[in-house]
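Remarks on the overall topology
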Number of protein chains: 4
Amino acid sequence: MSDRAYQVFEEQQKARGIDLEKVKEKLKALKVETPSWGYGDSGTRFKVFKQQGVPRNPFEKFEDAAQVHKLTGICPSVAIHIPWDKTDDYDKLKEHAANLGVSIGAVNPNLFQEDEYIFGSVTNSDPAIRQKAEEHLLECVDIAKTVGSDVLSLWFADGTNYPGQADIRKRKHWMQESLTRMYRAMTPEMRMLIEYKFFEPAFYHTDLADWGMAFNLANKLGPQAEVLVDTGHHAQGTNVEHIVAYLLDEEKLGGFHFNSRKYADDDLIVGSVNPYELFLIFYQILDAEATGSEGVRNNAANIAYMIDQSHAIEPKIPAMLRSVLNVHTQYAKALLINLDEVKEAQDRQDVLGAEDAVRRAFEFDVAPLLRAVREEIGVPVDPMKTYLESGYGQSILSRGKGGASW
Amino acid sequence: MSDRAYQVFEEQQKARGIDLEKVKEKLKALKVETPSWGYGDSGTRFKVFKQQGVPRNPFEKFEDAAQVHKLTGICPSVAIHIPWDKTDDYDKLKEHAANLGVSIGAVNPNLFQEDEYIFGSVTNSDPAIRQKAEEHLLECVDIAKTVGSDVLSLWFADGTNYPGQADIRKRKHWMQESLTRMYRAMTPEMRMLIEYKFFEPAFYHTDLADWGMAFNLANKLGPQAEVLVDTGHHAQGTNVEHIVAYLLDEEKLGGFHFNSRKYADDDLIVGSVNPYELFLIFYQILDAEATGSEGVRNNAANIAYMIDQSHAIEPKIPAMLRSVLNVHTQYAKALLINLDEVKEAQDRQDVLGAEDAVRRAFEFDVAPLLRAVREEIGVPVDPMKTYLESGYGQSILSRGKGGASW
Amino acid sequence: MSDRAYQVFEEQQKARGIDLEKVKEKLKALKVETPSWGYGDSGTRFKVFKQQGVPRNPFEKFEDAAQVHKLTGICPSVAIHIPWDKTDDYDKLKEHAANLGVSIGAVNPNLFQEDEYIFGSVTNSDPAIRQKAEEHLLECVDIAKTVGSDVLSLWFADGTNYPGQADIRKRKHWMQESLTRMYRAMTPEMRMLIEYKFFEPAFYHTDLADWGMAFNLANKLGPQAEVLVDTGHHAQGTNVEHIVAYLLDEEKLGGFHFNSRKYADDDLIVGSVNPYELFLIFYQILDAEATGSEGVRNNAANIAYMIDQSHAIEPKIPAMLRSVLNVHTQYAKALLINLDEVKEAQDRQDVLGAEDAVRRAFEFDVAPLLRAVREEIGVPVDPMKTYLESGYGQSILSRGKGGASW
Amino acid sequence: MSDRAYQVFEEQQKARGIDLEKVKEKLKALKVETPSWGYGDSGTRFKVFKQQGVPRNPFEKFEDAAQVHKLTGICPSVAIHIPWDKTDDYDKLKEHAANLGVSIGAVNPNLFQEDEYIFGSVTNSDPAIRQKAEEHLLECVDIAKTVGSDVLSLWFADGTNYPGQADIRKRKHWMQESLTRMYRAMTPEMRMLIEYKFFEPAFYHTDLADWGMAFNLANKLGPQAEVLVDTGHHAQGTNVEHIVAYLLDEEKLGGFHFNSRKYADDDLIVGSVNPYELFLIFYQILDAEATGSEGVRNNAANIAYMIDQSHAIEPKIPAMLRSVLNVHTQYAKALLINLDEVKEAQDRQDVLGAEDAVRRAFEFDVAPLLRAVREEIGVPVDPMKTYLESGYGQSILSRGKGGASW
């Protein structure tokens, strides 16, 4: 049936003018980075439920991440978090990764878990603390050099909880100063991705509260600084794909931290709350690739797709797999949009025709297509089933409880 | 100047038809319960900043809480959380409290920090876990009997993170079953206050998500069950004072967990984000006291005012003091509303006149009034200043770091 | 290809244990009521863009609505709004409808467009205005009797814009009094559906602000009063399907006003913002039908599905068609959930398995299924295409501009 | 008593180190522009309640606005909206204004009420419509020249209702092109204030959705373009004063449209929902004036304070008066913040001390201060009372119903 399902699908898409070979090429070329910390324990402020089998160190995290890549074929790199993944011997970690068929991806500094950062890190009014934070940032640049990573992914928990608590404008300048120094330390190949967040853990003001603040800062720093969009870091009701299109047009979209949210920064499995939103994000990216200026097209081609989740109650590896599969699925659907058809409807100001041309692509079942792609790249056609039957989940139980967490 | 300030204030209010003696009586009669856990360490999922001097056990928590009562005169009881405040000898705790001039207030069961509750406590599909949860609830009823408390304050973290994860309707029934058994175990003097919450830690659905669900459950349980309003547990934009007025009219308002929020359940100092909202809540309560039916008036007179906060970055005792002072301040302002004036404007459908009659009371400076009240009840006129100069904060530093936390 | 697409689909679903004949039965049995006012002009407070061809009177609205039924086969009734659809001769309207193959559905009173209602209708402090409002409600009961409708659908714009403006508790009682009188006037076959709304046009408090207030009122009125869920009338982030499941369990879910929103009550085409939410609503309903008590099953079987939209910028008939098609699509997808599979995963507390069992059904392409259903009931397989080619849209242009609007 | 109240207040503030003479100077220097359209009828999409006595033309609007200035002394200019205030003879209008003691303030183009703008004005895909829109903008520049106004205040309703409806990136460029032409037409004295809005009337995407988009556009246009902050145009939970501080630091804060909201863009009386927010906005501005760089100080000194409201149910002139009085009140309170004290607490990272230093100023009753200021500038000490007793409201009833509206 599967073959026939694909045949029917192929005919259907051909009739719509979709070049499936190109679609498959794109699906094979997609790279989704998974985060080392997504394999460890995490939770809410109320409770971190410790799971058995969680990796105890960066090496084990890479082993788990390698499973995801082995099963999906699109997750060849793994983001690391310093100091969570700190090690005496990065060469060994790099080699370990290589042996597992993966590599070290974005380097994520951590500026929110030291006692000194209670009132901020790079925005702290105490210069000694700002310097400590800056040194950590520079250390991360060095680690990136060591491990051969060219992406530095920055999220700051910095902000305040009460009106008057701190000088908002001064903090803005301090952050710019620290990042300027970090920027200068980067090699020309490196990119600094600046993340913003609406709130949490700061509850009155967050120093980088929205895309506009991250964008303005990136502009001041230079061409190697770009904006990182975490899909869960917006006010309720925000049109995220609009921000994506906007940043692409400004050639400043660095990458994504994918996850889902219904309320705040819930960090749920990607695509589990509103899969249509993820599809619409990809629609904007593909549209930019197709019709943007050279700079815009270059930007669209160089987006760092990364997952950033917190699996509070679900098993970690399957949760990551589900996220990667959901990303692949929505990307596949977006690739079925006939952009010419959309443009024609837009040009005749046919609201419903244009909406339909986009939405219809979302309604196709891309399972046959993804099965075909998987066969062609030599990964299991049903990665989740293969994983669950593989015994890997059982094999790691011996790690016990109390592994890495944040 | 202080005396003259009060004289001017008195004349001003007299001219408005406000009976200051009655106002002062009300201000002296207000009781605000502080929570034992508000004196311990707490934080966000990202970091709990441990503070030096935090109480190491329930006895020390009561010592800190007693400071707040000593300084304000309106915090004679302290809510406890089981098992955080579990002790082998509740009589000793009770006596300790009495010696400090305070008493044990609401008993709060904890159904969110055991590993078994990962998928729910009283709504867990596993009957053994539901039974465990139920037994804890019954244990709390027993503890309430032992310590002489007549308020059981229930908050459930129960909910799900994903569509389909669990059977929403079954869970509703399970919760009702467990609470029915708990309800039956209560003595006739006891009240069960049922709290609701919009989200967190559950991110897809929360079993008791809003006042309507808590209210319906309380109705089914009986007259000793009432709704507990936590001011931070609503969707953005919710009119909390409307819910307060509604519950009063239904004679089902059990009490409050006061705190502030700008975004989600931020648990900040009461009155620090939108003090006007707190004032408007008190306006509805005072209006119900003045013009409600006998049942409504009784309800209004029996509200349990409690604080429930999480002081992530600020010193605990001063944060609690500030909250209590802010509650006193907004209550004082609400007492200055000339309700007759409001009614007259309402009766002539004078929108601006009615709004003005309410808002004007908010604009008065009640500092002279509160100083007078404090003098009359024999507490410091400036509780915060007295606290900061008292040396108490320094004296507890010897407790070290790493005290009680959640 | 279409035939083969269906064959492949059929095999696939059979393999999953789905009885497609039952699914098709359900799809044929679905009834979605369209609103007369959805065919007229409407817009925002900034501008109503008048379209050419908009119906000039209730008779023409029914002609347009009949097109939607003719093309979809699932829209046999049309809701009316009084006085917008007021006529001297309801028998004539009824006959006109019958000749067109449709009937008159829910009767919707209008209590927000008379000058007297500036401060409320049934909650107005002026008894004369409350009486006027009440008389209108009774008039609508009479109209329902005349036209043979058994559904009265009530939405109140009543509320206030400023704190203090009115007595919230008195208004609550006044509303209950008026509805009690209306309730008594209904025949035993009639149902009163009570709608709630988070805000707009009232900006401080809305008398029926949420499902809890509508539910409590319906409970007080009696078994013929139920709650009407408008999918756009909630706070941001609200889990609407949870409310649906809750009301079903209480046997108080009267019906829906379907539409989409990204921000407030945007009244966009159903399923155009988050189609997954619509699917999850149907999942809860189908689950209640399958596993609920007799009362719950009865409730689920008697839900009034209605559309309530405002097509500000798009052509009216195609917009309505799109909405109906989207409802049919999401209902079809929900029918593909293997509820046994979900239950089994739920029973073993397999979060990801249960989520997958639900979500997977959403990912199927139900176009072949819906084509088959349409063929079997004798409507066009592509209703939108048929409509656009039918010339109907052109034929009504002669109505000119300036038709019915609100 | 009034005198004594002021004496007590004066002593109190002196003791706090506040220079009341400077405070009074600032209070006298504040200028708040009222909008001509705020005196006319307006409402919601459901109903515009027409009031008796509403001005029938721009001349009468200026008469009403002049009342507000006469009574408050701080509203010397009146914003106009084209074409609502279009006239054959602007010199006559200018003279009329001068005779009334007021002047013509910001010129507001209107690009949302022509049928052509159904799919956008300056972002419309039809070049002819874009040109029409551009010509209107240029016309407004001319009008500004004619009437001697140097502020052009731009709000665009442009956006889309559905995914795919239009090309988001192209629209971004089209807007920039049109505004570039408008910018070039301005005289060197003129400023272009660019407003943003989260949503409404566009419900999917709004071309200028947030401060970041307006800011980036203003940056591209040049130094005469700045951002206009409408306090009601943000997502729920947005920290508006943070945006204000941020824009000040970038020297790009052009002005405000003041109003209040609880939910969406409710356009209620300023300061009626959360007066503390308004106070905190002024705190940021005063802090920038005190401690900013020269450029920042200049920006803070040149903010255009404007009111933009929609008085749906309340009498227009008193509603405007109330708004102006509320602005004056919160500004007065903010002037009582001892900024040195705040800084000192900030410098020692004393969260509660800094919060207290800000919040305490909010709690003072500034009525005696404002009465003193009013006496000194020769306006009534109680402007609302004077207005209500003046008979002006009655005198304009002869205008009848059906005056200007939008």
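Computed from a predicted structure; not experimentally measured.

Conventions and cut-offs
- Residues numbered from 1 in each chain as written.
- Chains lettered and ligands numbered in written order.
- Predicted model: local features only at pLDDT ≥ 70, side-chain atom pairs only at ≥ 80, totals over all residues.
- Heavy atoms only, no water.
- Least-squares fit on C-alpha atoms with pLDDT ≥ 70 in both.
- Contact = heavy atoms within 4.5 Å.
- Axes fitted to C-alpha atoms, helices over the stretch in contact; angles between N-to-C directions.
- Helix = DSSP H or I, 4+ residues; strand = E, 2+ residues; numbered from the N terminus.
- Parallel < 35°, antiparallel > 145°, perpendicular 65-115°, else oblique.
- Nonpolar A, V, L, I, M, F, W, Y, C, P; charged D, E, K, R; others polar.
- UniProt positions renumbered as here; feature names shortened; annotations may be inferred.
- Left-handed = near helix turned anticlockwise from the far one by under 90°.
- Core = buried A, V, L, I, M, F, W, Y, C linked by side-chain atoms within 4.5 Å.
- Buried < 20%, exposed > 50% of the residue type's maximum accessible area, 1.4 Å probe, protein only.
- Phe/Tyr/Trp six-rings, centres within 6.5 Å; stacked < 30°, edge-to-face > 60°.
- Lys NZ or Arg CZ within 6 Å of the ring centre and 35° of its normal.
- Patch = residues over 30% accessible without salt bridge, like charges linked within 9 Å, V, L, I, M, F, W, Y side chains within 5 Å.
- Areas by Shrake-Rupley, 256 points an atom, 1.4 Å probe, with all protein chains shown as cover.
- Salt bridge = Lys/Arg side-chain N within 4 Å of Asp/Glu carboxyl O.
- Lys, Arg positive; Asp, Glu negative; His and termini not counted.
- Charge placed at Lys NZ, Arg CZ, Asp CG, Glu CD.
- Buried area = accessible area lost by both parts, 1.4 Å probe.
- Polar contact = N/O pair within 3.5 Å; in protein donor to acceptor, adjacent residues only side chain to side chain.

1. Some remarks on the relation of the copies chain B and chain C
If you rotate chain B by 180 degrees and push it 0.0 Å along the axis, it lands on chain C with an RMSD of 0.0 Å. The symmetry that links the two subunits is that of a two-fold axis. Of the C-alpha atoms belonging to chain B, the one lying closest to the rotation axis is found on B:G212, 2.1 Å away. A high fraction, 100%, of the interface residues of chain B reappear at the interface in chain C, so the copies pair face to face through one surface.

2. Regarding the packing of helix α13 (residues 351–363) of chain A against helix α11 (residues 316–335) of chain C
In contact at an axis separation of 12 Å, α13(A) and α11(C) are set at 10 degrees when each is read in the N-to-C sense. Viewed along their axes, α13(A) and α11(C) adopt a mutual orientation that is roughly parallel. Listed contacts from α11(C) to A:L352, A:E355, A:D356, A:R359 and A:E363 of α13(A) are C:P318, C:A319, C:R322, C:N326 and C:K333. The residue inventory of the contact of α13(A) with α11(C), partitioned by class, reads three nonpolar, one polar and six charged.

3. Focus on the relation of the copies chain C and chain D
For these two chains of identical sequence, chain C goes onto chain D by a turn of 180 degrees and a shift of 0.0 Å along the axis, with RMSD 0.0 Å. A symmetric contact is evident, with 100% of the interface residues of chain C recurring at the interface of chain D.

4. Re the UniProt feature "domain: Xylose isomerase-like TIM barrel" (unreviewed entry) in chain A
With numbering matched to this structure, UniProt assigns "domain: Xylose isomerase-like TIM barrel" (unreviewed entry) to residues 82–266 of chain A. Taken end to end, residues 82–266 of chain A comprises 38% helix and 18% strand; its first and last C-alpha atoms sit 22 Å apart.

5. Looking at the packing of α11(C) against helix α15 (residues 383–390) of chain C
Residues and elements named next belong to chain C. Running from N to C, α11 and α15 cross one another at 165 degrees; their axes reach a closest spacing of 10 Å. Here α15 runs roughly antiparallel to α11, going by the angle between their axes. When you trace α11 past α15, the crossing you get is right-handed. Facing I317, P318, L321, R322 and L325 of α11, the residues of α15 in contact are P383, M384 and Y387. The class makeup of the residues in the contact of α11 with α15 is seven nonpolar, no polar and one charged.

6. A few points about the nonpolar core
The biggest cluster of nonpolar side chains holds 459 residues, and the ones touching the most others in it are A:L179, B:L179, C:L179 and D:L179. In contact with A:L179, other than residues within four places in its own chain, are A:L137, A:L154, A:F156, A:M192, A:I194, A:L217 and A:L221. By size, the runner-up hydrophobic cluster in this structure holds 64 residues, among which are B:F199, B:F203, B:I269 and C:Y263.

7. Some details on the packing of aromatic side chains
Applying the stated criterion across every chain, the model contains 90 aromatic pairs over all chains. For the pair D:F258 and D:Y305, a centre-to-centre distance of 6.0 Å together with 10 degrees between the ring planes defines the contact as stacked. Of the two residues, D:F258 sits in strand β9 (residues 253–258) while D:Y305 sits in strand β10 (residues 304–307), which places them 47 residues apart along the sequence. Judged by relative accessible area, which is 9%, D:Y305 ranks as buried. By the ring-pair criterion, three or more aromatic residues cluster together here, those being A:Y276, A:F279, A:F362, C:Y276, C:F279 and C:F362. Its guanidinium or amino end placed over the ring of A:F362, A:K333 lies 4.7 Å from that ring's centre, counting from NZ or CZ. One Lys or Arg, C:K172, reaches over the ring of B:Y246 and ends 4.6 Å from the middle of that ring.

8. Some points on a negative patch on the surface
Taken together, A:D88, A:D89, A:D91 and A:E95 make up a surface patch of like negative charges. Along the chain, the position of A:E95 falls in helix α4 (residues 90–99).

9. Remarks on the interface of chain C and chain D
If you look at the interface, chain C gives 40 residues, while chain D gives 40 residues. Here chain C packs against chain D, burying approximately 4,000 Å² in sum over the two surfaces, 62% of which is carbon and sulfur. Put simply, chain C and chain D have ten salt bridges between them. Among the salt bridges present, the one from C:D265 reaches D:R45, with a minimum N-O distance of 2.8 Å. Taken together, the links from chain C to chain D amount to 20 residue pairs in polar contact (both at pLDDT 80 or more).

10. Overview of the side chain of C:D207
Tracing the sequence through the fold places C:D207 in the loop between β7 (205–206) and α7 (211–221). The buried category is assigned to C:D207, whose relative accessible area is 8%. A distance of 2.9 Å separates polar atoms of two side chains, one belonging to C:D207 and the other to C:R171. In this view, C:D207 contacts B:H242, C:T123, C:D158, C:G159, C:R171, C:M175 and C:M213; residues no more than four positions away in its chain are not counted.

11. Focus: the interface of chain B and chain C
Listed per partner, the contact involves 55 residues of chain B and 56 residues of chain C. Each partner contributes to the roughly 4,600 Å² buried at the junction of chain B and chain C, and carbon and sulfur atoms together form 54% of this total. Area buried by chain B at its contact with chain C is led by B:R169, B:H242 and B:Q349, which between them contribute 16% of it. In this assembly, chain B and chain C are joined by ten salt bridges. Counting every contact that joins chain B to chain C gives 32 residue pairs in polar contact (both at pLDDT 80 or more). When residues of the side of chain B that touches chain C are assigned to their parent elements, the largest contribution, seven residues, is made by helix α9 (residues 275–291) of chain B. When grouped by side-chain class, the residues that make up the side of chain B that touches chain C number 23 nonpolar, 19 polar and 13 charged.

12. Focus on the environment of A:N259
Residues and elements named next belong to chain A. Mapping N259 onto the fold places it in the loop between β9 (253–258) and α9 (275–291). Residues N259 and Q51, spaced 208 residues apart in sequence, show a C-alpha to C-alpha distance of 21 Å. Ignoring any residue separated from it by four or fewer positions in sequence, one finds N259 in contact with D230, T231, G232, D265, D267, L268, V270, D308 and Q309. There is a polar contact of 3.3 Å between the side chain of N259 and the backbone nitrogen of G232.

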